[in-house]
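# Commentary on secondary and tertiary structure
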Amino acid sequence: MKNKLRLGLIGSGFMGKTHVFGFAAAQRVFELPYDVELACIADVSIAQAEAARSALGFAHATDDWRTIVNDPSIDIIDITAPNALHKEMALAAIAAGKHVYCEKPLAPLAADAREMTEAAERAGIKTQVGFNYLCNPMIVLAKQMIAAGELGDIRGYRGLHAEDYMVDESSPFTFRHDPAGGGALADIGSHALATAEFLLGPIRKVMGDCVTMIHDRPDGRGGRKTVTTDDVTRAFVRFENGASGSIEGNWIATGRKMQHDFEVYGTKGAISFTQERFNELHFYSTADAKGRQGFRKIEAGPDHAPYGRFCVAPGHQLGFNDLKAIEVAGYIEAIAGARPEPFNFRAGLRIQTVIEAIQRSSREQSWLTVE
């Protein structure tokens, strides 16, 4: 009989539910070293927490997240609360000796993310930050193709994460509009940055342009509140490997629901990808005969691990929650010592460092080096 890990979840919104789906599916799809027990869920009110407990299958509910952190029987603290709360919750969990799984961005400021990272490393805590798009077998395949030289020397990169959930000027001011929330670059541009570095390695220089298009929003009390965070950020980037490119984070892209896209250009070929059809990767090779050249579709299937654990046939497609299950499985294996953490706090700190370099570059209107 396998040992158990007991999970405490803080936050029962969309991402909290997604994490629960990930833990539930991972235990049935993968052969994990532990079973995960849903021990307790916390939310802002006991009514919300109890409703989530009943719907998601937790044993207990609370309106005080510290109850979960201080419970000696709980092994993993899963944080899906608003961004500004991540630091306090994570540091308390680390001090209590818990492993910590935290949604992105890790913290609103790189200094906070560094404090969290160093505390976890000193304590020997296993950590994970929620960048589950990187678990897509097609993105992993793209990385493998680049590393194998199938595209030749990489010259150019274009990446973006664009959605339209903030396009309506009448939608209210939320924690995401507060400087502690980070704005579009930190909220969704972070995914584009993580993908870029996952594929091509470190970004070393940035030139950013952070723009606020909607300058105030309803405050929920009959007035309006000033917005200072970005609605869209675009940055020119230069990679350590010599390639250059551009990256965009945009939450006012009318009509776009999930445009997490990238294009990579090399001397021998190119690849393109869109999250809106994320079971496909398109590949162009200069080795193809003249008159036969063009981007061809590579369709996800059992040959692209771990797709085969979800479905035995190609073309049936993975979904967003499947990517979260893959992320959870990697994290559980890391807790068991079977592999490195897939995307730990140190990796989350790196993304926040690049974000702040882009923001500073925009203010100073100059190229900046990313350490």
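For the structure itself, consult the block above.
Residues numbered from 1 in each chain as written. Predicted model: local features only at pLDDT ≥ 70, side-chain atom pairs only at ≥ 80, totals over all residues. Heavy atoms only, no water.

As a further point, take empty space enclosed by the protein. Under the defined criterion, the tally for this structure stands at one cavity of 30 Å³ or more. What the largest cavity holds in volume is close to 40 Å³. Considering the residues around the largest cavity, the lining is formed by Pro105, Leu106, Phe131, Ser190, Gly348, Ile351, Gln352 and Ile355. When the residues that make up the lining of the largest cavity are grouped by side-chain class, the tally is five nonpolar, three polar and no charged. (1 Å grid on protein atoms, 1.4 Å probe; cavity = no way out; pocket = protein on both sides within 12 Å on 5 of 7 lines; lining within 4 Å. Points joined across faces, edges and corners; volume = space filled by probe spheres on them. Nonpolar A, V, L, I, M, F, W, Y, C, P; charged D, E, K, R; others polar.)

Let us look at the pairing of strand β7 (residues 154-162). In terms of burial, β7 is a largely internal element, seven of the nine residues being buried. Pairing of β7 with strand β13 (residues 259-266), which is carried by eight bridges, proceeds in the antiparallel orientation. What sits directly across from His161, in β13, is His260. Where β7 and strand β12 (residues 244-250) come together, seven bridges link them in parallel fashion. Each residue of the ladder has a partner; that of Ala162, found in β12, is Asn250. (Buried < 20%, exposed > 50% of the residue type's maximum accessible area, 1.4 Å probe, protein only. Helix = DSSP H or I, 4+ residues; strand = E, 2+ residues; numbered from the N terminus. Pairing = 2+ DSSP bridges.)

A separate point is helix α4 (residues 86-95). Within the sequence span of α4, burial applies to His86, Met89, Ala90, Ala93 and Ile94. Buried residues in α4, looked at end-on, bunch into an arc of 130 degrees, giving them a common side. The inward-facing, buried residues of α4 abut β1 (3-10), α3 (65-69), β4 (76-79), β5 (99-103), α5 (110-123) and α10 (345-364). Downstream of α4 by a residue or two, Gly97 has a phi angle that is positive, lying close to 80 degrees. (Arc of directions from axis to C-beta. Contact = heavy atoms within 4.5 Å.)

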